[in-house]
Protein chains: 2
Amino acid sequence: VLVVACLNPAVDVTLTVDRLCPGESHRARMSMQRAGGKGVNVAHVLHQLGVPVVLTGFVGGPRGAAVGAGLDPGLRAQFVDVGDETRQTVTIVDAAGAATVVNEPGPAVTVEEWARFVDTFGALLREADAVVLSGSLPRGVPSDAYAQLTRAAHAAGRTALVDAAGEALRAALDAEPDLVKPNEDEAAPFGTDGSAVDGLVAAGARNAVVSRGARGLAARVGEHRYDVTLARPVTGNPTGAGDALAAGLARGLSTTDGWPAILREATALAAAAVAVPYAGAIDLAVLDQVRPLVQVREV
Amino acid sequence: VLVVACLNPAVDVTLTVDRLCPGESHRARMSMQRAGGKGVNVAHVLHQLGVPVVLTGFVGGPRGAAVGAGLDPGLRAQFVDVGDETRQTVTIVDAAGAATVVNEPGPAVTVEEWARFVDTFGALLREADAVVLSGSLPRGVPSDAYAQLTRAAHAAGRTALVDAAGEALRAALDAEPDLVKPNEDEAAPFGTDGSAVDGLVAAGARNAVVSRGARGLAARVGEHRYDVTLARPVTGNPTGAGDALAAGLARGLSTTDGWPAILREATALAAAAVAVPYAGAIDLAVLDQVRPLVQVREV
């Protein structure tokens, strides 16, 4: 089973209005609600692909209950309850499709709650094939949280994929995660373009993939470097594409497929996520169409 | 005890951003959450004034739980659970204080759930001094819901105050509610300026008050007409002023105070609500200051 840690899940609320006018009052034509947060999206994609997965993280308050209720049916979750309330993301979509997003900071986690999470994660490691640590850290969690969890995974003989940014990513590298996958903005402190993957490896990552939107991926795996591109871009909603990529890479890590095959499939998954208007799901028909369009080139 | 029916309560979420830019992504500096909806605001103000009150209505899902959790401590509530989820109102406030509001439609209520509410309301009537029926009707509730509840109140010998708009107000008038209190926009179908109160009484209301923002109130009580004004306007957030007015009128209805005193105190309460930046609360210091500023004139 793949253990996916989403320390700061969210209730993703999408409100549809004709036109958003700052300073005015609007009646939403439609309101949709779904469990979100990067790790939740990763778990959803893995679950959709039929990969056994268990999702963990912190939930609190009525919104925490809404996260649990908003998971796809059958997705296994083992959350740690916190006293503070789970965050919400509000996306207001107008008739032209423009999306205005307001993200909340998320709950404050206590030292005791973090300790309980470490215990829960440790118990899940026993049955894990690999772990995915994905998304932002809630307040109160140590900034080296991903390093601590990566070390726990390694001590149990499991591989760890870290999808994080900023200080959470930098601190994680100390624990030599098996794979990191920032996007090019998040990887910028480690280098630009092709050099970012080398910078990430130099800083501690065993392997590194940097996603570059419609320009595909740069990968550094062991001593090999790959450029992965899509012959024809997929149009749609790029939100969640990075999480589908993480799902594909995590699944690949627990197979005996070689890196070119892993990178190819993960890129196709990311493209198939763009075809879905919300995060945490892929379009399986598009997946079949884009697989032959992925080009993996050693550089 | 005053029974306040809020059939469509809400979770009121206020997100603070520097500047709201449509089409862009924002990080909220602050997020506040409070139980809302007109009837909830009325009950909160009555509770703050020390008036025994019981709040009823429909709640559902995690957001329904958030409404329960978001009530002021000690406020008695007896809600009917529904299968659909309670609505949310999202208010995005920028650094200049401009408020952008998106309201959700609210849950759909089934015939069985409405019947359960009628039973609950009937049981509460036994201990009621008066009832307040306030705010919009959720989908699925009959459009003459307030007429049905007003008739039930009258059959039990209780007075009923209706604060509604549109079809809900129009249908309520058939049951001859003891008092209605639309604002001037809501009262416009019944007449403009001074004639609106007469139109409401002609359509069935036993007494009528029309609020006119900073211009005060027009009232028609029995054969008397009053103009109520404030010598000096209070600046602040007018959201919730109408609900404080309803709370003041409802409290007055269950006293032996004459109408001029009732109108005076209710107007002062509305002004004291403007001084508070959110709905469902009054500033008690401002209340003392504005009482002498209220002018009640028979016209």
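Residue positions are counted from 1 within each chain, in the order its sequence is given. Each chain gets a letter, beginning with A, and each ligand a number, beginning with 1, in the order they are written. Residues qualify for local features only when their pLDDT is at least 70, as the model is predicted, and side-chain atom pairs are given and counted only at 80 or more; totals for whole chains, interfaces and linings, by contrast, use all residues. Excluding hydrogens and water, the side-chain values take into account all heavy atoms of the structure.

Caption draft 1: Looking closely at the overall build of chain A. A run of H or I in DSSP counts as a helix once it spans at least four residues, and a run of E counts as a strand once it spans at least two, with each numbered from the N terminus. In terms of regular secondary structure, chain A is built from ten helices and 15 strands. The globule rule used for comparison is 2.2 Å times the number of residues to the exponent 0.38, while the radius of gyration itself is calculated over C-alpha atoms. At 19 Å, chain A has a C-alpha radius of gyration in line with the 19 Å of a compact globule built from 299 residues. Across its three principal axes, chain A shows a C-alpha extent of roughly 55 × 50 × 35 Å. Think of it in three bands: residues with accessible area under 20% of the maximum for their type are buried, residues over 50% are exposed, and the middle band is partly exposed, with areas taken using a 1.4 Å probe on protein chains only. Put simply, chain A has 299 residues, and 55% of those count as buried. Note on contacts: a residue pair is in contact if any heavy atoms of the two residues lie within 4.5 Å. Considering only contacts in chain A between residues 6 or more positions apart, those separated by 24 or more positions represent 63%. Note on areas: Shrake-Rupley with a 1.4 Å probe; residue coverage comes only from the protein chains shown. Total accessible area on chain A is roughly 11800 Å²; 51% of this is exposed by carbon and sulfur atoms. Only four residue types enter the charge count, namely Lys and Arg as positive and Asp and Glu as negative; His and the chain termini do not. Charge positions are represented by NZ for Lys, CZ for Arg, CG for Asp and CD for Glu. Here chain A holds 25 positive side-chain charges and 33 negative ones, and the gap between their average locations is 3 Å.

Caption draft 2: Structural view of the sheet that holds strand 2 (residues 10-16) of chain A. Strand order in the open sheet formed by five strands is 4(A)-2(A)-7(A)-8(A)-3(B), with mixed pairing between adjacent strands. With partners counted over all chains shown, the strands left at the sheet margins are strand 4 (30-36) of chain A together with strand 3 (25-27) of chain B, one partner each. Each adjacent strand pair in this sheet contributes to an overall mean axis angle of 15°, direction not counted. As paired strands, strand 8 (residues 99-103) of chain A and strand 3 of chain B are joined by three bridges and run parallel to one another. Opposite Val-101 of chain A, over in strand 3 of chain B, you have Ser-25 of chain B as the bridge partner. The pairing criterion for strands is at least two bridges between them, as found by DSSP. Only the contacting stretch of a helix is used when fitting its axis, a line to C-alpha atoms as for every element, and angles between N-to-C directions run 0 to 180 degrees.

Caption draft 3: Expanded view of the pairing of strand 8 (residues 99-103) of chain B. Burial analysis of strand 8 of chain B places four of its five residues in the buried class, which makes it a mostly covered element. Hairpin connection between strand 7 (residues 87-93) of chain B and strand 8 of chain B: a loop of five residues separates the two successive antiparallel strands, and Gly-97 of chain B in this loop has a positive phi of roughly 95°.

Caption draft 4: The arrangement of the side chain of Thr-267 of chain A in detail. Residue and element names in this part refer to chain A. Along the chain, Thr-267 falls in helix 9 (residues 259-274). Within the structure, the side chain of Thr-267 is placed 2.7 Å from the backbone oxygen of Leu-263, a separation counted as a polar contact. Sequence-distant contacts of Thr-267, defined by excluding residues within four places in its chain, comprise Leu-217, Val-228, Leu-245 and Val-294. Counted as a polar contact is a pair of N or O atoms within 3.5 Å, where, for protein atoms, one must be capable of donating a hydrogen and the other of accepting one, and residues adjacent in sequence contribute only when both atoms are in side chains.

Caption draft 5: Expanded view of the nonpolar core. Here, the term nonpolar core denotes a set of buried Ala, Val, Leu, Ile, Met, Phe, Trp, Tyr and Cys residues that are joined through side-chain atoms within 4.5 Å. In terms of nonpolar packing, the biggest core is built from 122 residues, with Leu-249 and Ile-282 of chain A together with Leu-249 and Ile-282 of chain B touching the most fellow members. For Ile-282 of chain B, the contacting residues outside a window of four places in its chain are Val-45, Gln-48, Leu-49, Ala-244, Leu-269, Ala-272, Ala-273, Val-276 and Leu-287 of chain B.

Caption draft 6: Here's a closer look at the sheet that holds strand 4 (residues 30-36) of chain B. Reading across the sheet, the five strands line up as 3(A)-8(B)-7(B)-2(B)-4(B) and stay open at both edges, with mixed pairing between neighbours. This sheet does not close on itself; its edge strands, each paired only once, are strand 3 (25-27) of chain A together with strand 4 of chain B. Here the strands of the sheet are splayed against their neighbours by 15° on average, with no regard to which way each runs.

Caption draft 7: Quick look at the packing of helix 8 (residues 241-253) of chain B against helix 9 (residues 259-274) of chain B. Residues and elements named next belong to chain B. Axis separation between helix 8 and helix 9 bottoms out at 7 Å; the angle between their running directions is 150°. Judged by the angle between their axes, helix 8 and helix 9 are roughly antiparallel. Where helix 8 crosses over helix 9, the handedness of that crossing is right-handed. Contact with helix 8, carried on its side by Ala-241, Ala-244, Leu-245, Gly-248, Leu-249, Arg-251, Gly-252 and Leu-253, involves Trp-259, Ile-262, Leu-263, Glu-265, Ala-266, Thr-267, Leu-269, Ala-270, Ala-273 and Val-274 of helix 9 and no other residues of that element. Each residue receives one of three labels: charged for Asp, Glu, Lys and Arg, nonpolar for Ala, Val, Leu, Ile, Met, Phe, Trp, Tyr, Cys and Pro, and polar for the others, Gly being one of them. Within the contact of helix 8 with helix 9, the residues separate by chemical class into 13 nonpolar, three polar and two charged. Orientation is classified from the angle alone, with under 35 degrees giving roughly parallel, over 145 giving roughly antiparallel, 65 to 115 giving roughly perpendicular, and any other angle giving oblique. Left-handed describes a crossing whose near helix is turned anticlockwise from the far helix by less than a right angle; the clockwise case is right-handed.

Caption draft 8: Summary view of the pattern of salt bridges. The term salt bridge refers to a pairing of a side-chain nitrogen on Lys or Arg with a carboxyl oxygen on Asp or Glu at a separation within 4 Å. Tallying each qualifying case throughout the model produces 38 salt bridges over all chains. The residue Lys-38 of chain A makes a salt bridge to Asp-163 of chain A at a minimum N-O spacing of 3.4 Å. Of this pair, Lys-38 of chain A sits in helix 1 (residues 38-48) while Asp-163 of chain A sits in strand 10 (residues 159-163); the two residues are 125 residues apart in sequence, bridging distant segments of the chain. Asp-163 of chain B is the partner of Lys-181 of chain B in a salt bridge, and the nearest nitrogen-oxygen pair spans 2.9 Å. Taken as a pair, Lys-181 of chain B in the loop between strand 11 (179-180) and helix 6 (184-187) and Asp-163 of chain B in strand 10 (residues 159-163) lie far apart in primary sequence, 18 residues in all. Given a relative accessible area of 3%, Lys-181 of chain B falls into the buried group.

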